[in-house]
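Structure at a glance
These are the residues of each chain, in order.
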Amino acid sequence: MDGGDNSVSEEIMARFESGDFSDFDPDAFMIEANRQFASTFTPQFSQFMQVLVESAGDPVVWHCSAGKDRTGFAAAIILRLLGVPEDVVMADYMLSREYALAAMQKELTLVRLLKGEEAAEKLTVLLGVEEPWLQAAFDTIDEQYGSFDNYVYQALELQESDIQNLRANLLE
């Protein structure tokens, strides 16, 4: 997804530089980003899933700039493919919040000192995760494809044999 929409990160950086957060809602921003993961960036997630299938159980490392948004959505897709219940997938996703924010405490303190409380509050939201964000992606999948299974077969272009191979390689 690199280069997919650089204007998004540019907008955020410009706001932090200027200190102007008028009409910027980081929660709404992240909900929209997750909707795009399930729609606009489907080809990239399909490509990722093909890499995972082709790995035949060999380790695969994936990441994004914060390690929680695109990475978290990819992990959620994998877990659902493996048959993990949605509530467990969501609980796993929410674990990222604690670790992501803990890892960024120094940066948040620096932003608070240099850019002010409002900037730190907006950044804290952006650096966390919230259930409605991932739910927005799953809702988008249901809206566009009718079900997660349809998304898997139609959008991610996986075959039943791919899913069975993933389960054989990734589950004990």
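So, here is what we can say about the structure in this document. (Residues numbered from 1 in each chain as written. Predicted model: local features only at pLDDT ≥ 70, side-chain atom pairs only at ≥ 80, totals over all residues. Heavy atoms only, no water.)

1. Considering the side chain of Arg15
Within the secondary structure, Arg15 sits in helix H1 (residues 6-18). On the accessibility criterion, Arg15 (15% relative accessible area) is buried. There is a polar contact of 3.3 Å between the side chain of Arg15 and the backbone oxygen of Asp20. Residues in contact with Arg15, not counting those within four places in the same chain, are Asp20, Phe21, Ser22, Asp23 and Phe24. (Helix = DSSP H or I, 4+ residues; strand = E, 2+ residues; numbered from the N terminus. Buried < 20%, exposed > 50% of the residue type's maximum accessible area, 1.4 Å probe, protein only. Polar contact = N/O pair within 3.5 Å; in protein donor to acceptor, adjacent residues only side chain to side chain. Contact = heavy atoms within 4.5 Å.)

2. A few points about unusual backbone geometry
The backbone of Asp23 shows a phi angle near 55°, a positive value even though the residue is not glycine. For Glu157, which is not a glycine, the phi torsion comes out positive at approximately 60°. Structurally, Glu157 is set in the loop between helix H9 (148-155) and helix H10 (160-170). Judged by relative accessible area, which is 51%, Glu157 ranks as exposed.

3. Comments concerning the packing of aromatic side chains
What the rule picks out here adds up to nine aromatic pairs. Aromatic side chains Phe148 and Tyr151 sit 6.1 Å apart centroid to centroid with 40° between the ring planes, which places their arrangement in the tilted category. Taken together, the residues Phe148 and Tyr151, both in helix H9 and three residues apart, mark about one turn of the helix. Residue Tyr151 is classed as buried on the basis of its relative accessible area of 0%. Through successive ring pairs, a cluster of aromatic residues spans Phe37, Phe45, Phe73, Phe138, Tyr145, Phe148 and Tyr151. Positioned over the ring face of Phe138 is Arg80, at 4.5 Å from the centre of the ring. Here Arg80 stacks its cationic end above the ring of Phe148, 4.0 Å away from the centre of that ring. (Phe/Tyr/Trp six-rings, centres within 6.5 Å; stacked < 30°, edge-to-face > 60°. Lys NZ or Arg CZ within 6 Å of the ring centre and 35° of its normal.)

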